[in-house]
Amino acid sequence: MSFVGTVPAATNGPSTPLRVLYIMGHSRSGSTILNNLLGSHQQVVATGELVNLVERGWNKHLPCSCGEPGDLCPFWKEVRRHWGELAGGEDLPRYVRLQRRFERTRNIPLVLLSLYRRDPLFNEYVRSTTLLFTAIARVAGRDVVVDSSKNPVRALALSRAPQLDVTIVHLIRDARGVAWSFNRSSQPFAKTALSWIAITLISTLVIKFGHKSLSLRYEDLARFPRTALGRIQPLVGLSYDDVGAFVEAGGKIASVHCIAGNRIRMMGPMHLQLEENWRSALPPGDKRLVWLIAGWLLRRFGYRRS
Ligand SMILES: [Zn+2]
């Protein structure tokens, strides 16, 4: 059996598509912190990098933010049981194959083509993923699911799912901050700058195809969370005033069952604070190099050379 079946109604009504907030962008751009902020609303469940749930969380036992391995966490065990129930059985290897086919960056032409023709495999991927979102919303008892997978190709594929109401948040961070963060894992600055350009350009393309979206700078989110979250409010139909006021007053935010993402998800409740160590720590030559490569695109998002 595969994860194919009739998509049941979402929790919020028989004909209302399930609301999904999708965080898209480059790694190390603050998606875990945004995931936790969005998940702090009482109508919302934030899942972390859902793209990695099956292969890394369930098959490779990646820990959930609750501390349990992904396959043993009570929340994700219940989601798995409910997902299988909705679909009439489970075939995880088949679902992982579908993910590889429709979520890889190099397969973006295939996804674009699949959006405009009747492709049974693409339809199966979309239906199965819709059932997963439905299972999560039902098990959590929430109306909105946050998926911080970041992957722009997955965003493109899901933005046209008929029974999902997807809002895409393109989270952008200064490429010099991203490069500095990746330097801790010894990735060369030039490589990060090029990867940042590629993901940012693909994300910009996806936004042109998506139904509802907005671009949000990490630095603005960290400095003015109430204003930044207020921009998401009208797109998803939720008020984030209380969450914004809470963090601006110094309140701590936490992951509940965040399946994958930055290690900070495992560190418990934390304050929201702007991380800009790169300004003093990144050597001037490397700062210039990243700007030389990515400055033309950084300018488009309002970043300045110094
Ligand atoms: Zn958990």
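These figures come from a predicted structure and were not determined experimentally. Per chain, residue numbering runs from 1 following the sequence as it is written. Where totals are concerned, whole chains, interfaces and linings use all residues; where local detail is concerned, this predicted model gives features only for residues with pLDDT of at least 70, and gives and counts side-chain atom pairs only at 80 or more.

## Things to note about the sheet that holds strand β3 (residues 144-150)
Two strands pair under a simple rule: DSSP has to find at least two bridges between them. Helix and strand labels come from DSSP, where a helix needs a run of H or I of at least four residues and a strand needs a run of E of at least two; each type is numbered from the N terminus. If you trace the 5 strands from one edge of the open sheet to the other, you get β2-β3-β1-β4-β5, paired in parallel fashion. The open sheet has two edge strands with one neighbour each: β2 (44-46) and β5 (212-217). Averaged over all adjacent pairs, the angle separating strand axes in this sheet is 20 degrees, with direction ignored. Looking at chain direction, strand β1 (residues 18-24) and β3 are connected through 5 bridges and run parallel. Across the sheet, the residue bridging to R19 is V144, located in β3. Across the sheet, helix α11 (residues 225-236) touches β1, β3, β4 (164-172) and β5, and the angle it forms with β5 is around 175 degrees. As a rule, the C-alpha atoms of each element are fitted with a line to give its axis, helices using only the stretch in contact, and angles between N-to-C directions run from 0 to 180 degrees. With C-beta atoms placed from the backbone, a contact is any residue pair whose C-beta atoms sit within 7 Å.

## Thoughts on the pairing of β1
With C-beta atoms placed from the backbone, a residue is labelled by how many other C-beta atoms lie within 10 Å of its own: buried for 20 or more, exposed for 12 or fewer, partly exposed between the two. Judged by how many residues are buried, β1 sits mostly within the fold: 7 of 7 residues are covered. Across the two faces of β1 the burial is the same, with L18, V20, Y22 and M24 and R19, L21 and I23 all buried. Looking at chain direction, β1 and β4 are connected through 7 bridges and run parallel. Its bridge partner being in β4, V20 is matched across the sheet by V166.

## Things to note about the confidence of the model for the chain
Regions with low pLDDT carry predicted coordinates that are not meant to be interpreted in detail. Summary statistics for the chain give a mean pLDDT of 91 and a share of 92% for residues scoring 70 or more. Here residues 9-14 is modelled with pLDDT under 50, and outside its nearest four sequence neighbours on either side it reaches 10 contacts, counting other chains as well. pLDDT expresses how confident the predictor is about each individual residue, on a scale running from 0 to 100.

## Quick notes on the pairing of β3
Taking burial as the measure, the 7 residues of β3 include 7 buried ones, the bulk of the element. By the alternation rule, side chains of β3 split into V144, V146, S148 and K150 and V145, D147 and S149, which are all buried. Across 3 bridges, β2 lies against β3 in parallel orientation. Looking at β3, one finds that A46 is bridged to V146.

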